[in-house]
Amino acid sequence: MDSIKPKKFLGQHFLTDLSVAQRIANTVDAYPDIPILEVGPGMGVLTQYIIPKGRPFKVVEIDFDSVPYLHEHFPLLGDNIIEGDFLQMDLQTVFDGKPFVLTGNYPYNISSQIFFKMVENRHLIPCCTGMIQKEVAERMAASPGSKTYGVLSVLIQAWYDVEYLFTVHENVFNPPPKVKSAVIRLTRNNKQTLGCDEQLFRRIVKTVFTMRRKMMRNGMKQILGKDSPMLTDHLFAQRPEQLSVQDYIDLTNRIEAELKQA
């Protein structure tokens, strides 16, 4: 098996520029002493640069063609090739409960789901690197007040520091995607808890950003009720993208107290 045809239904765009592949692979060196899990290795363009690092290393691949290709071309991986869906995996079992770096050339169609799974397993993933759609990378790294600041920004930045490392042109892929890509690195911050009801925090963030062009009070009526006196607060005259992560944490605590009194 000399090559694999990219599958549209899996969102596959195979990177062909080896210099870019090496730069992406080297992003895992930020945490040099822990294992690495690569998502969607395809034909191993990143894999070939990670293996020589000599660290515990596993790959997870859902493509039925890629798995035998990886066995044939990377025999050193042996049993460390996991055939399956990353989104369905129990990450606690990958390295026997040990923390690891997550990396990959992530499929565009599930990249947000991958990062939400990372947040759910943040105790296992102190660092996540890799390549995603440029627009998604910009949203993840966006600051309050930015037009690209949204749900992904708040929910990820609550737990991780986001670095936008570099942009990748579409002409270095087979097939070329219709958009540019970007390489990012996420590093766990020092928060062990947010200091609020995390389920309510997520609900508030997701609710207000469904009406991101309107004032906060429009979305908050769904949570507080349209007659809540709290809706007269000046904070609710702002738009969702104007609030920082800490603002949302503080708001969650205030709303929790309000709901308990109701």
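Located above this text is the structure these notes cover.
Below or above, wherever it landed, is the structure these notes cover. (Residues numbered from 1 in each chain as written. Predicted model: local features only at pLDDT ≥ 70, side-chain atom pairs only at ≥ 80, totals over all residues. Heavy atoms only, no water.)

A tally of regular secondary structure across the protein gives nine helices and nine strands. Across its three principal axes, the protein shows a C-alpha extent of roughly 65 × 40 × 30 Å. Pairs at least 24 residues apart make up 68% of the contacts formed inside the protein by residues separated by at least 6 positions. Accessible surface, the protein as shown: approximately 12700 Å² in total, 49% of it carbon and sulfur. (Helix = DSSP H or I, 4+ residues; strand = E, 2+ residues; numbered from the N terminus. Contact = heavy atoms within 4.5 Å. Areas by Shrake-Rupley, 256 points an atom, 1.4 Å probe, with all protein chains shown as cover.)

What follows covers the packing of helix H7 (residues 198–209) against helix H9 (residues 245–261). Running from N to C, H7 and H9 point in directions that differ by 110°, and their axes come no closer than 9 Å. It follows from the interaxial angle that H7 and H9 lie roughly perpendicular. Between H7 and H9, the residues in contact are Leu200, Phe201, Ile204, Val205, Val208 and Phe209 and Val245, Tyr248, Ile249, Leu251, Thr252, Ile255, Glu256 and Leu259, respectively. Of the residues belonging to the contact of H7 with H9, the class tally is twelve nonpolar, one polar and one charged. (Axes fitted to C-alpha atoms, helices over the stretch in contact; angles between N-to-C directions. Parallel < 35°, antiparallel > 145°, perpendicular 65-115°, else oblique. Nonpolar A, V, L, I, M, F, W, Y, C, P; charged D, E, K, R; others polar.)

Moving on: helix H1 (residues 18–25). Taken together, the buried positions of H1 are occupied by Val20, Ala21, Ile24 and Ala25. Viewed along the axis of H1, the buried residues span an arc of 135°, placing them on a single side of the element. (Buried < 20%, exposed > 50% of the residue type's maximum accessible area, 1.4 Å probe, protein only. Arc of directions from axis to C-beta.)

Phe86, Leu102, Phe115, Phe201, Tyr248 and Leu251 are the most contacted members of the largest nonpolar core, which totals 57 residues. Look past the residues within four positions of Phe115 in its chain and what remains in contact with it is Tyr106, Cys128, Ile132, Met140, Ile156, Ile184 and Leu186. (Core = buried A, V, L, I, M, F, W, Y, C linked by side-chain atoms within 4.5 Å.)

A few words on unusual backbone geometry. Of all residues except glycine, most have a negative phi; of all peptide bonds, most are trans. Phi angles above zero are rare outside glycine, and Asp96 is one such case at about 55°. By the secondary structure assignment, Asp96 is in the loop between strand S4 (81–83) and strand S5 (101–104). Given a relative accessible area of 71%, Asp96 falls into the exposed group.

Here we come to the sheet that holds strand S7 (residues 160–168). Pairing within the open sheet is mixed, and its seven strands lie in the order S4-S3-S2-S5-S6-S9-S7. The open sheet is flanked by S4 and S7, the only strands paired with a single partner. Neighbour-to-neighbour, the strand axes of this sheet turn through a mean angle of 20°, independent of strand direction. Bridging between S5 and strand S6 (residues 127–133) involves two bridges; their strand directions are parallel. Opposite Leu102, over in S6, you have Cys128 as the bridge partner. Relative to the sheet, H1 contacts S6, S7 and strand S9 (181–188), its axis offset from that of S7 by approximately 170°. Contacting strand S2 (36–39), S5, S6, S7 and S9, helix H4 (residues 111–120) runs over the sheet at an angle of about 165° to S6. (Pairing = 2+ DSSP bridges.)

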